[in-house]
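Coordinate analysis (summary)
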Amino acid sequence: MGFFKSALKAQTGEADPIVTRLVEEDKVPWYKKPNLRLMYLMLFPTCMGIELTSGFDSQLINALQIVPSWIEYFDDPQGAIKGIVAASYSLGAILSLPFVGMVNDRFGRRWSIFGGSVIMIIGALIQGLSVHIGMYIVARIILGFGIPTCIVSASSLIGELSYPKERPVMTSLFNVSYFVGQLLAAGITFGTNSIPNDYAWRIPSWLQMAPSLLQVACVFFIPESPRWLITKDRNEEAYDILATYHAEGDRENELVKAEFAQLQSTIHLELSSAKKSWRDLIATSGMRRRVLISAMLGLFTQWSGNTLISYFLGDILQAIGRTEATFKQKINVSIAAVSLVCGTITSLLVRRFRRRVMYLACTISLLLVYISWTISMKYAIDAQEAGTVNSSAGVAVLFFIFLYSPAYNLGYNALTYTYMVEIWPYAERSRGLAWFQLWGRLANFFTTFVNPIGLQNASWRYFISYVVFLGYEICFVYFFFPETFGRTLEELAFLFEDKALADEAVHAVEKAVAGHVEDAKSETVEIRHKDI
């Protein structure tokens, strides 16, 4: 029964937030720090843009199923074939996940991003050159194979490079670029829809490589993770990066000394008991708790009904009697735009609200939206089957589809990677994020494959399965999700472990801060002597 104790009581290893207090004392905003400002600017094309590819892909498949030339060229795939076309991207991702941790640990964050991006470029080229549905599916598997290592590396790198004060916002904005990709794909396919030949779908398929080309060109203009450098005994390089971007080049800065001491001590403690293998994820009760939370969060991000909108919006609109291709494309673009705005606003609020509050608000809101949406779908479809039109029900369906976005963004978009980076200590972060990705991709593969079958055979009743699962999500979040708000990554490293480990790391920080104070006193005394 001990495993089921409340989420807050399970947090036994919270560290004294010394570094957090030092960060809060810094009142200079990021935009007045030239080095930090430049790094944040470079993180957008190199790391933030990675989720562009995922967003572009989900919207591309959604939009191409409305393009007449795509439907004609691939003989209007239905049922299981339509499902595997959508799910093949996730299948490719699942196949690559066992290698993600190893690649990250060996080659670092930047080379991992570079390698994954090259694979996605190859996939996008083949996708645009496809001559039959089998080739198209294989191309999407290749695209999917490249994305996980990029996502894991980029989300980790953003969290590990960002100044602690802005880290939650930066990692939250990472997922927002998903909606930028959606909006671009929706807009591009809307524009190419009128091309009277195969290029109506080939051009958008090729353009999916654009974010990856940007990452390949720019990724080595950003610094490597200081944490990865410390694990490779490249301490001087790690210290220089912290001094350059967190203290504008001041190597004697108190915060930099404290951060570096905290990184060194925490990583040393983590690595002393880690074998850097997948077995580490189940070695202790704290790790097993992280594994459970990550697996469930992976499921929740894909099993909350979002794939119905992302991949099968055309089928839903068809079911309520809206068959015009232009109308579907306009709704597609509108949803992407609303999602981008909602996602951005929510990401900017993550420093104001606690994680558990945002996740509970998200899950409860989603349940209410889905119940209302299901009821509206029933009346709209019943009218269609009776040979009439229920305009009110149709409008209600559209209203709840749009309302879904702000509800989902409260937690599952804004907080996903922020939360994952926070609950996993550095030594297991790559494997932990890969584990989260595995469950997310498995859930995505399953739902995108099953959704068209469920809609075809169960009609509006299929929505009830999501209503039930959303009820389960609320219970799980309440009982198992820990609070991680307001701490640095190293202060959260031993969240579920023995408090003694956290205290040991704190002691190293205290020594660094005390040493800085002593140095400052010595300099003051020396100056006074010179004055005399």
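Residues numbered from 1 in each chain as written. Predicted model: local features only at pLDDT ≥ 70, side-chain atom pairs only at ≥ 80, totals over all residues. Heavy atoms only, no water.

**Quick word on the overall build of the protein chain**
Put simply, the test is: Secondary structure counts use DSSP, requiring at least four H or I residues in a row for a helix and at least two E residues in a row for a strand, with both numbered from the N terminus. Radius of gyration means the value over C-alpha atoms here, while the globule rule gives 2.2 Å times the residue count to the 0.38 power. Here, residues are in contact when the closest pair of their heavy atoms is within 4.5 Å. Reported accessibility uses the Shrake-Rupley method at a 1.4 Å probe radius. Residues are deemed covered only where the shown protein chains occlude them. A residue counts as positive if it is Lys or Arg and as negative if it is Asp or Glu; His and the chain ends are not included. For charged residues, the charge sits on one atom: NZ in Lys, CZ in Arg, CG in Asp, CD in Glu.
Counting its secondary structure elements, the protein chain contains 21 helices and 0 strands. Scaling as 2.2 N^0.38, a compact globule of 532 residues should have a C-alpha radius of gyration of about 24 Å, and the protein chain matches this with 24 Å. Overall, the protein chain is about 95 × 50 × 40 Å in size when its C-alpha atoms are taken along their principal axes. Across the protein chain, the fraction of contacts at a sequence separation of at least 24, relative to all contacts at a separation of at least 6, is 86%. Carbon and sulfur atoms make up 66% of the accessible area of the protein chain, which totals about 20900 Å². Side chains of the protein chain carry 45 positive and 46 negative charges; the gap between the two charge centres is 4 Å.

**Some points on the packing of helix α7 (residues 167–192) against helix α15 (residues 325–347)**
Counted only if it meets this: Axes here refer to lines fitted to C-alpha atoms; in helices the fit is confined to the stretch in contact. Angles between the N-to-C directions go from 0 to 180 degrees. Each angle receives one of four descriptions, namely roughly parallel if under 35 degrees, roughly antiparallel if over 145, roughly perpendicular if within 65 to 115, and oblique otherwise. Left-handed describes a crossing whose near helix is turned anticlockwise from the far helix through less than a right angle; right-handed describes the clockwise counterpart. Ten residues, namely Ala, Val, Leu, Ile, Met, Phe, Trp, Tyr, Cys and Pro, are considered nonpolar, four, namely Asp, Glu, Lys and Arg, are considered charged, and the remaining ones, Gly among them, are considered polar.
Packing of α7 against α15 brings their axes to within 9 Å, and their N-to-C directions diverge by 165°. On the basis of the axis angle, α7 is roughly antiparallel to α15. Every pair of crossing elements has a handedness; the one defined by α7 and α15 is left-handed. Between α7, through V169, S172, L173, V176, F179, V180, Q182, L183, A186, G187, T189 and F190, and α15, the contact on the second element is made entirely by T326, Q329, K330, N332, V333, A336, A337, S339, L340, G343, T344 and S347. Residues of the contact of α7 with α15, tallied by class, amount to 12 nonpolar, 11 polar and 1 charged.

**A closer look at the nonpolar core**
Nonpolar side chains in soluble globular proteins tend to be buried together. For clarity, the cut-off: As used here, the term nonpolar core means buried Ala, Val, Leu, Ile, Met, Phe, Trp, Tyr and Cys residues forming a set that is joined through side-chain atoms within 4.5 Å. Buried, partly exposed and exposed residues are distinguished by accessible area as a fraction of the type maximum, computed with a 1.4 Å probe on protein chains only: under 20%, between the cut-offs, and over 50%, respectively.
Core analysis: the biggest nonpolar cluster contains 145 residues, and F300, Y370, W373, M377 and F481 have the highest contact counts within it. For this core, the leading source of residues is helix α16 (residues 355–385), giving 12 residues. Residues contacting Y370, with those up to four places away along its chain left out, are S304, G305, L308, Y404, F463, Y466, V467 and L470.

**Topic: the pattern of salt bridges**
Put simply, the rule is: Throughout this description, the term salt bridge denotes a Lys or Arg side-chain nitrogen within 4 Å of a carboxyl oxygen of Asp or Glu.
Per the counting criterion, the structure on display carries 17 salt bridges. For D57, the salt bridge identified is with R140, shortest N-O distance 2.4 Å. Within this pair, whereas D57 is found in helix α3 (residues 50–64), its partner R140 is found in helix α6 (residues 133–161), the two being separated by 83 residues in sequence. Assigned by exposure class, D57 and R140 land together as buried. Taken together, the salt bridges that share partners define one network made up of D105, E428 and R431.

**Some thoughts on the packing of aromatic side chains**
Applicable threshold: Aromatic contacts are taken between Phe, Tyr and Trp rings whose centres are within 6.5 Å, Trp giving its six-membered ring; a plane angle under 30 degrees counts as stacked, one over 60 as edge-to-face, and the others as tilted. Throughout this description, the term charge over a ring refers to an Arg CZ or Lys NZ atom that lies within 6 Å of the ring centre and within 35 degrees of the ring normal.
Overall, the coordinates contain 43 aromatic pairs when judged by the stated rule. With 5.2 Å between their ring centres and 85° between their planes, W303 and F469 make a pair best called edge-to-face. Within this pair, whereas W303 is found in the loop between α13 (285–302) and α14 (306–319), its partner F469 is found in helix α20 (residues 463–480), the two being separated by 166 residues in sequence. A relative accessible area of 23% places W303 in the partly exposed class. Geometrically, the ring pair formed by Y462 and Y466 is edge-to-face, given 5.6 Å between the ring centres and 85° between the ring planes. Taking the relative accessible area as the measure of exposure, Y462 reaches 12% and is therefore buried. For Y466, a relative accessible area of 4% gives the class buried. Residue placement shows R356 over the ring face of Y478; its charged tip is 5.7 Å from the ring centre.

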